[in-house]
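Below are the chains, spelled out letter by letter.
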Amino acid sequence: MHKPELLAPVGSKEALIAAIENGADAVYFGGKLFSARQYASNFTREELEWAIDYAHIRGVKAYVTVNTLIKNSELEEACEYLQFICNIGADAVIVQDLGILKLIREKLPQLPIHASTQMTIHNVEGVKFLQERGVKRVVLARELSLDEIRRIKSETNIEIETFVHGALCFSYSGQCLLSSMIGGRSGNRGYCAQPCRKKYILNKAEGYLLSPKDLNMSEHIGALVKAGIDSFKIEGRMKRHEYVAGVVRVYRKLIDGYSEASAGFRVTEDEKHTLLQLFNRGFTTGYFFGNPGSKLMSREYPHNIGTEVGTVTGYDYRKKLLSLYLKAPLRVGDGIGTGGGDGIAVRSMYANNQRVSAAGSGLVKIPFDIEIDKGSAVFKTYDSRLMASLETKSIRKIPVKMSVKARIGEPVELCINDGKNEIVVHGGLVSRAESKPVSKDSIASQLKKLGNTVFEAQDITFDLGENIFIPVSELNELRRRAVAGLETERTQKWKRRCNKPEIASEKRSAEVKPILAVNTSSIEGFEAAVDGGADIVYIGGEVFRNDEVEKKDYDYAIEYGHKHGASVFINTPRILKEIKDLNTDLDPDGFLVSNLGVLYNLHGLNKPIVIDYPINIFNMLTMNYLLNYSQRVTLSPELTLDDIRTLTPYGATECIVHGFFPLMVSEHDLVGSLFSGGAKDALLKDEKGFAFPVKTDMHGRTYVMNSRELCMLEYVPEIIDSGVSCLRIEAGMYDAVKTREITRAYREAMDSRRGRDCEGEYTTGHYFRGVV
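Thresholds, definitions, all that
- Residues numbered from 1 in each chain as written.
- Predicted model: local features only at pLDDT ≥ 70, side-chain atom pairs only at ≥ 80, totals over all residues.
- Heavy atoms only, no water.
- Axes fitted to C-alpha atoms, helices over the stretch in contact; angles between N-to-C directions.
- Helix = DSSP H or I, 4+ residues; strand = E, 2+ residues; numbered from the N terminus.
- Parallel < 35°, antiparallel > 145°, perpendicular 65-115°, else oblique.
- Contact = heavy atoms within 4.5 Å.
- Nonpolar A, V, L, I, M, F, W, Y, C, P; charged D, E, K, R; others polar.
- Buried < 20%, exposed > 50% of the residue type's maximum accessible area, 1.4 Å probe, protein only.
- Pairing = 2+ DSSP bridges.
- Right-handed = clockwise from strand over helix to strand, strands pointing away.
- Polar contact = N/O pair within 3.5 Å; in protein donor to acceptor, adjacent residues only side chain to side chain.
- Core = buried A, V, L, I, M, F, W, Y, C linked by side-chain atoms within 4.5 Å.
- Arc of directions from axis to C-beta.
- Salt bridge = Lys/Arg side-chain N within 4 Å of Asp/Glu carboxyl O.
- Phe/Tyr/Trp six-rings, centres within 6.5 Å; stacked < 30°, edge-to-face > 60°.
- Lys NZ or Arg CZ within 6 Å of the ring centre and 35° of its normal.

This next bit is on the packing of helix 4 (residues 98–107) against helix 17 (residues 620–627). At a minimum axis separation of 7 Å, helix 4 and helix 17 run at an interaxial angle of 80°. With respect to helix 17, the element helix 4 is oriented roughly perpendicular. For the pair helix 4 and helix 17, contact is made by Leu98, Gly99, Lys102 and Leu103 and by Leu621, Thr622, Tyr625 and Leu626, respectively. Partitioning the contact of helix 4 with helix 17 into residue classes produces 5 nonpolar, 2 polar and 1 charged.

The next thing to look at is the pairing of strand 2 (residues 26–30). By the criterion of burial, strand 2 is predominantly enclosed, with 5 of the 5 residues buried. The alternating pattern of strand 2 places Ala26, Tyr28 and Gly30 and Val27 and Phe29 on opposite faces, both of which are buried. Of the pairings in the sheet, the one linking strand 1 (residues 5–9) to strand 2 comprises 3 bridges and is parallel in character. Looking across to strand 2, one finds that Leu7 is bridged to Ala26. Read from strand 1 through helix 1 (residues 13–21) to strand 2, the crossover connection turns out right-handed. Bridge analysis of strand 2 against strand 3 (residues 61–66) gives 5 bridges, and the strand direction is parallel. Among the inter-strand pairings, Tyr28 is bridged to a residue of strand 3, identified as Tyr63. One crossover worth recording links strand 2 to the parallel strand 3 by way of helix 2 (residues 45–57), and it is right-handed.

Within the secondary structure layout, Asn595 lies in the loop between strand 32 (590–593) and helix 16 (596–602). Of the polar contacts made by the side chain of Asn595, one reaches the side chain of Asn123; its length is 3.5 Å. In terms of polar contacts, Asn595 uses its side chain to reach the backbone carbonyl oxygen of Pro573, at 3.4 Å.

Before going further, it helps to spend a moment on the nonpolar core. Counting residues in each nonpolar core, the largest one holds 197 residues, and the members touching the most others are Val27, Phe29, Leu98, Leu130, Leu684 and Tyr746. Here this core gets 10 residues from one element, more than from any other, and that element is helix 9 (residues 241–260). Once residues lying within four places of it in the same chain are set aside, the contact partners of Leu130 are Leu98, Leu101, Ala115, Met119, Ile121, Val135, Val138 and Leu596.

Turning our attention to the sheet that holds strand 24 (residues 411–417). Read across the open sheet, the 4 strands follow the order 25-24-23-27; overall the sheet is mixed. The open sheet terminates on both sides in strands that have one partner only, identified here as strand 25 (422–429) and strand 27 (455–464). Pairwise comparison of adjacent strand axes, ignoring direction, gives a mean angle of 20° for this sheet. Here strand 24 pairs with strand 25 via 6 bridges, running antiparallel.

In this section: helix 12 (residues 440–447). For helix 12, the complete set of buried residues consists of Ile443, Ala444, Gln446 and Leu447. In a view along the axis of helix 12, the buried residues occupy a sector of 165°, so they form one face of it. Along its buried surface, helix 12 packs onto strand 23 (398–406), strand 24, strand 27 and helix 13 (472–492).

With respect to the secondary-structure elements, Ala18 resides in helix 1. As for Ala18 and Lys393, which are separated by 375 residues in sequence, their C-alpha atoms are 8.2 Å apart.

To continue, consider the pattern of salt bridges. The final tally for this structure, using the stated rule, is 48 salt bridges. The partner of Glu80 in a salt bridge is Arg45, and the shortest N-O contact between them spans 2.7 Å. Placement of the pair is Glu80 in helix 3 (residues 75–87) and Arg45 in helix 2, with a sequence separation of 35 residues. A salt bridge links Lys495 to Asp53; the shortest N-O distance between them is 2.8 Å. In this pair, Lys495 sits in the loop between helix 13 and strand 29 (515–520) while Asp53 sits in helix 2, placing the two residues 442 residues apart along the sequence. On the basis of relative accessible area, Lys495 is assigned to the buried category, the value being 18%.

The next subject is the packing of aromatic side chains. Using the criterion set out here, one finds 13 aromatic pairs in the structure. Measuring from ring centre to ring centre gives 5.9 Å for Tyr613 and Phe661, while their planes differ by 70°; the resulting arrangement is edge-to-face. Separated by 48 residues along the polypeptide, Tyr613 in the loop between strand 33 (609–611) and helix 17 and Phe661 in the loop between strand 35 (653–659) and strand 36 (662–666) bring together distant segments of the chain. Judged by its relative accessible area of 2%, Phe661 is buried. One aromatic cluster is present, formed by Phe129, Tyr625 and Tyr629 through successive ring pairs. One residue, Arg58, lies across the ring of Tyr54, its end atom 3.6 Å from the ring centre. Here the basic side chain of Lys738 rests over the ring of Tyr734, its NZ or CZ set 6.0 Å away from the ring centre.

Take a look at the structure:
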């Protein structure tokens, strides 16, 4: 039976030890640079090498995350960092940036690549694109069902990794700009501020409307195995080391148990309780068994709710004592809360007017500064006894065989073998015993003293002469040298001698005169863009409810555009699980492409392609890579104008200069799950009063748009001077009148090279403020 890898998250040294000692087959962690969890402790370079060695000595694989988007100004540092990771023996590097992927494949071919879930790979063709470019493993988008994963596995020849436990994002990973647009902290750069865990109002609904429950597939190990998934990934690089220990321990037992006896597989109540108690916002199986709708969300509790421990029966204002009727044991040192964020560590507790250290059930009183309504549930969010039981002990041992050869007048010899590696060390000359000769038992006793090492003596054989003597100190020294040699052998074979990648990115000539593009979603909007003076008009893309464009409409648009001197490109969806649903029977001038699977599918049609911003173009390496498949690339909206100036010499670029575009794309139907009656659009208001338009497509996916209209009309001359080849208006939310008006304004500004003021409330996005 295929046995999957158990892959554990590591955000600190303590978490690394906890993961390995509790049974992880592999671990993933980041350094101080280019890691998607920059708020984790992470590792210095010295610590990175120690961590990889620690894992390899114990037979565990170590993957290093370089899973952020990297700017031009950072490429030199990234090259040196990748050389370091390669040299210290990482088993693979986890990558988001396509340019970095290409760089590694060409300059560091000995370093395996895992494609991060941040690459939003969600179809067979996207996996094939990466497979043909030398990627060893793909971490699939979390929005796929088991049937979809099974199909991907059966139609490709690449390792597949999926998350099986931990936090979920509301948006497809790699497609979220909300954190960066709100506060300048980019999820694509490792600094997500977790806006999905904040409160929002949508029509009459209020709560943590974007907060999903936590994924838990512990009861479905068999289904995951049968789908052919190669690696079961646990989320949690920001979590405590006890969490890592507990979750890894449970999944280790479950995977082993299923492998040994699948028919009798079950999750015990203790295992279920452990997973709940360690951290949960409520559990879900995510999209593995189809779209769960409202059952995906934790709208009341955005933080850990633990397990219910009791019910409030009253509150003493004067003494600030909370009366709590316990349903489960509670101890001093435990943490309790209401699920909404208010919580304390229990420092003292009273039962029957007596101070107690623990209580199993019944009424207790606890000092609590905040009043909680009578009848409210109270949750245990921290179990001190459970946490103490998860403190790491050295339990992972590597069995070794030893053999000793000792004859009078010859150097004593000790051989140690772990089944794959063998070390032989020699000591001083063996002397004749003056009184009592050394025995096999006494030699074995000293050699078995492997202490805190990872090794455990399984078998010791002897080839001894008669009447010999070996000092205890000699045996101890031989053992220490042999163990040190074996540890070195187990780490050094992974070390490499890698050259620093040299960046060679040729400058390319772009269009001399910049052109104007408009992205539209209806025939009326398309006509308005053409009439307003657009050089190129995109039509299609995500089809929102009541806005469906039929084939005859596309045919009409192509004819209308050509009649009026405009190029017509079909905009393809950024999320397309079945590429066969893509209409390629049309004859447009080209395609606007938003995901790698569509790019793989369309590349052979010999039609011009423009790469859209969801593929995340951040540097010249990615630009050059994608320009091999396209005539132009749309740069990330997270880049500043200064960043853009560094990229335009390397090829034809496009930038969004006006309109509303999605900050989040979610498989979850936010509006439809909250309201019946076919509602499709709404406004999502945050705690600061900003209103984000929400749109729903024909597949029930949610698109959270930017709260303020992007307007760079005043800065058109500066954008043109930066070398941008094409300026784009996102007109999908405009009617025909508005589309025509804005298109004409940009046409005039581009032709005259003079900007003009924007009207109303607007934003200049990241053009002048950038992201961290």
